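Spelled out, the chains give:
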Amino acid sequence: MHRPSLLLLAVSTATLAAARWGTGVYHSPLLTAAADSGKPAPELLNDSWLNADHPLRLAELRGRVVLLNFWVFTCGNCTRSLPSLIDFDARYRDRGLTIIGIHSPEFPPYSGEHDRENVRRAMRAEGINYPVAQDNDHRTWEAYGIRYWPSFVLIDRRGRVRYEGYGEFHEQDATYQNWRRRIDALLAEPNPALHVEAEPGRDGIRLTLVPEPGVQINARVKPALELADGTVLRFGSPRLTPDSAYFADSPTTYVPAGAHLKGATLRASVCLPSEKICRTLAVAVDR
C-alpha cells in the first residue's frame, strides 16, 4: 500500500563524509532527488554462479558500483583483458566496486564452453576471485544487447547503466585509464544510505527510518530526532538481527501533533555495505 509521505530526507555518503563523528551537523535540503543519469540496468537472472554462495541480483548490490564483464574463456581478447579487471577488483572492492563476470559461450554446447568445470578451471588459471555467472542461454547477454566479446557495462550505485563499451584493453593503457576514471567518478558520487518516511495521523506523525539496500542501522546506538525545543524522540523496533547489533525492521518514532520539525536534527549510526565500521551521522532538517 502506498504510504503518503510528508517528509523524505535522503542521507548520503556525502553527508557521512561531511559529518563529524557523533557531533557534526551537515545541513541538507529536506528533499534530495537523484539525477536520472542513465537507464535502469536489467536484473541478472542467471542461476549458476561461481565464486558466489548464491545467485547474485543487482537489487542486493544497490549502493555499490557494479562492473559487468561479458566474456568467454576461449576468447583471446577476453583473457588478455582479465588482468585489468583483476587489478580493478583488488583496487576497488573495499571501496564499493563489485565486478561480475558474465560468461556467455560463443560456440554450441559440444565445444565445452557451457561446462561448469571448464569455466571453473579457466577462472583458477586466470586468478579470477570475483563472482562469475554462467550465461549459457544468453539471457543476460540479450537483456543488455551485447554483441561482442569482451563487453563491459558499468552500473552506478542506484542501479543505472552509466557506461558501456567493448574490446580488449590492458593494464595502464589508455582504455584502462578511461575505465578507471569512470569507476573513480561513480564511486565518488553520493551513495543513498537512508531516508525518513512520514505517515500523518490524527494525533501526530509516525516517522520510519528506512535504510537503502545493504545499509544497516545500528541498534546499539539508537537513532534519535532532536527537536528544536530540546525534545528527543528515539527510533526503535522490537525486531533485531540475531546478534542484536542492527534493526531487522525499519525503526520508527512518533512526533506529537503541534511539534515542529524545522530545526530538528536527525542522528543515527549506520553501517554501509562497502565499509566494516558504522558511521555516526547528524543531519539538520532545514524546513
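Notes on the structure follow.

About the criteria used
- Counting from 1, residues in each chain are numbered in the order their sequence is written.
- Reporting of local features is limited, given that this is a predicted model, to residues whose pLDDT is at least 70; pairs of side-chain atoms are given and counted only at 80 or more, and all residues count toward the totals for whole chains, interfaces and linings.
- To obtain the side-chain values, all non-hydrogen atoms of the structure were used and water was disregarded.
- By convention a nonpolar core is built from buried Ala, Val, Leu, Ile, Met, Phe, Trp, Tyr and Cys residues, the set being connected through side-chain atoms within 4.5 Å.
- Partly exposed describes any residue whose relative accessible area lies between the buried limit of under 20% and the exposed limit of over 50%, with all areas from a 1.4 Å probe on protein chains only and scaled to the type maximum.
- Secondary structure is summarised from DSSP: a helix means a run of H or I of at least four residues, a strand means a run of E of at least two, and numbering begins at the N terminus for each.
- It only takes one pair of heavy atoms within 4.5 Å for two residues to be counted as in contact.
- Take the residue count of a helix, subtract one, and multiply by 1.5 Å to get its expected span.
- Directions are taken from the helix axis to each C-beta atom, and the arc is the one they span.
- Pairs of N or O atoms are called polar contacts if they sit within 3.5 Å, as long as, within protein, a hydrogen donor faces a hydrogen acceptor (for residues adjacent in sequence, only side-chain-to-side-chain pairs).

### Some words on the nonpolar core
The biggest cluster of nonpolar side chains holds 26 residues, and the ones touching the most others in it are Leu67, Leu85, Phe88, Leu97 and Ile183. Sorting the residues of this core by element identifies β5 (65-71), α2 (76-92), β6 (97-103), α3 (116-126), β8 (151-155) and α5 (174-188) as the ones contributing at least two each. Contact partners of Leu85, with chain neighbours within four places excluded, come to Leu67, Asn69, Ile99, Tyr130, Phe152 and Phe169. In terms of nonpolar packing, the next biggest core, distinct from the first, is built from 24 residues, Leu233, Phe247, Val255 and Val285 among them.

### Observations regarding α5
Residue pairs spaced three or four apart in an α-helix point in one direction, given the helix's 3.6 residues per turn. With 15 residues, α5 should cover 21 Å at 1.5 Å per step; its first-to-last C-alpha distance of 21 Å lies within 8% of that length. Where α5 is concerned, the buried positions are Tyr176, Trp179, Arg182, Ile183, Leu186 and Leu187. Projected down its long axis, α5 carries its buried residues within an arc of 130°, all on one side. Along α5, the residues that are exposed and aim more than 90 degrees away from the buried face are Ala174, Arg181 and Ala188. Sitting at the head of α5, Asp173 places a side-chain oxygen 3.2 Å from the backbone nitrogen of Thr175.

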